[in-house]
Amino acid sequence: MRPSRRVVAWWSVAGVAVVGTAVTAVLMVGPPGASGDDDAEAAAGTTPRPTTAVVEQGTLTGTTTRAGTLSRLDGPTITGSAPGTITSLPEVGDVLAARSELFRVDDEPVTAFEGALPQWRAFGQGMAEGPDVRQVEENLRAWGYFTGTPDDRFDRRTATAVSAWQKDTGQERTGSIDQGALQFVTGSFTVRTLTAAVGDASGGDLYGTARDDAVVSVDLPVGSPLAAVDGVVSVDLPGHGSVPGRVSDVGAAVADETTGTTTVPVTVSLDDPAAAGDLTEASVQVDFVSEVEEDVLHVPVLALGAAVGDGFVVEVLQPDGTTTAVQVEAGLFAGDRVEVSGALEAGDEVVVPA
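Rules used in this analysis
Residues numbered from 1 in each chain as written. Predicted model: local features only at pLDDT ≥ 70, side-chain atom pairs only at ≥ 80, totals over all residues. Heavy atoms only, no water. Phe/Tyr/Trp six-rings, centres within 6.5 Å; stacked < 30°, edge-to-face > 60°. Helix = DSSP H or I, 4+ residues; strand = E, 2+ residues; numbered from the N terminus. Buried < 20%, exposed > 50% of the residue type's maximum accessible area, 1.4 Å probe, protein only. Pairing = 2+ DSSP bridges. Axes fitted to C-alpha atoms, helices over the stretch in contact; angles between N-to-C directions. Expected span 1.5 Å × (residues − 1). Contact = heavy atoms within 4.5 Å. Core = buried A, V, L, I, M, F, W, Y, C linked by side-chain atoms within 4.5 Å.

Chemist: Just to check I follow, could you spell out the packing of aromatic side chains for this structure?
Modeler: Any two aromatic rings considered together are summarised by their centre-to-centre distance and by the angle between their planes. According to the stated counting rule, one finds five aromatic pairs in the structure shown. On the numbers, 4.8 Å between centres and 65° between planes, the contact of F113 with W143 is edge-to-face. Here F113 is found in strand β10 (residues 108-114), whereas its partner W143 is found in the loop between α2 (131-142) and α3 (156-168), with 30 residues between them in sequence. Taken as a pair, F113 and W143 share a single burial class, namely buried. Taking 6.3 Å as the distance between ring centres and 40° as the angle between the ring planes, the aromatic pair formed by W143 and W165 counts as tilted. With W143 in the loop between α2 and α3 and W165 in helix α3, this pair connects stretches of sequence that are 22 residues apart.

Have a look at this one:
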């Protein structure tokens, strides 16, 4: 038998309220059954069958709920480095990725290339070898212009591929790429805020972007066991139901001088990022798995009744239709179920007041 857990209870003539880790329930004291139709059946010499639930055996999962904020991950900041005048910009909400036109300078396109390294120099034959050249060749191969194996050398094959790409996109066929004529990015992103306008001089930040993936930020108390990477959670999204997720990052403690409290910022990633739909900024509820009990007996919380003196009882339905009060110890409260131990077996039926 598991060690008894302390459960605080307030007793009254009408009932008893039980406070658990995850649920608060009002438990009626007295024999099962209801008035009205049941009284009529009793007067007629018949006993109504009480409402029951089956004693189950399995895993119970307790949760702790915290408020969080859903937002989109920041995407790349698009910058202008080629001299000239901005002649075209995308609109807020446009989705961009590698091969997209990011903007135009003097009516010449600046194109997105996939790659983690930034462009710090022009590309052309005779340049020094480097991994940035490989990035250019990998993009040109993905777009069908480069047929060789990408490497760090900008040679005749590279120039030919660049020239073919320039022809298809209406650019001057030079076989080389000026600095500022492309920007390396990763993945897809959505234009969020424009900080430049058509007619401005090219240079500096032009617009900010956001990723499609949404994350949830939650502040937890310092030392909370919930602040653990890979911790399992469930996120209640407005209009989108409850979706599973995991703790993907735990930040450094942050002190709030105004309130005098110190918290730990936690980032939660959704298992299915598309589940957030079109939500961009929203207040959400996050249920952290805080306790798990495996292979235990559990019953509906409302099946618990007050025992004489201390503890709880459940009314077990007997084959002849009568009920027997069985004293039990309450363990983990999880949603509308509670772990119990006592003279019970899985499959027993316990009375649940209607």
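Chemist: Which parts of the structure should I look at to understand the pairing of strand β13 (residues 204-221)?
Modeler: In regular strands, side chains alternate between the two faces of the sheet. Where strand β5 (residues 56-74) meets β13, five bridges bridge the pair, whose relative direction is antiparallel. Its bridge partner lying in β13, R72 is registered against A214. Where strand β6 (residues 78-80) lies against β13, three bridges are found, and the strand directions are antiparallel. Paired with G80 across the two strands is G204, which belongs to β13. Taken together, the four bridges between strand β12 (residues 189-194) and β13 define a ladder with antiparallel strand orientation. Pairing of T193 across the sheet is with G208, part of β13.

Chemist: What's the story with the sheet that holds strand β7 (residues 86-88) in this structure? I'm lost.
Modeler: By way of backbone hydrogen bonds, the strands of a sheet pair with one another, either parallel or antiparallel. Overall, mixed pairing links the four strands, which are arranged β7-β9-β10-β11 in an open sheet. With one partner strand each, in any of the chains shown, β7 and β11 (182-185) form the two edges of the open sheet. When the angles between neighbouring strand axes are averaged without regard to direction, this sheet yields 35°. Two elements, β7 and strand β9 (residues 101-105), share two bridges in a ladder whose sense is antiparallel.

Chemist: What is the right way to read α2 from this model?
Modeler: What sets the pattern is the α-helix's 3.6 residues per turn: residues three or four places apart point alike. Taking 1.5 Å per residue as the helical rise, α2 with its twelve residues ought to reach 16 Å, and the 17 Å between its terminal C-alpha atoms agrees with that figure. Listed as buried for α2 are D132, V133, Q135, V136, E137, N139 and L140. Contacts made by the buried residues of α2 are with β10, α3 and β11. Just beyond α2, the residue with positive phi is G144, at close to 90°.

Chemist: What's the story with the nonpolar core in this structure? I'm lost.
Modeler: Grouped together as the largest cluster of nonpolar side chains are 22 residues, with contacts concentrated most on L70, V216, V235, L237, V286 and F288. Once you skip the residues sitting within four places of it in the chain, F288 turns out to touch G62, T63, T64, R66, V218, L220, L226, V232, V233 and V247. If you look at the next biggest cluster of nonpolar residues, it comprises 19 residues, including V55, L304, V314 and L344.

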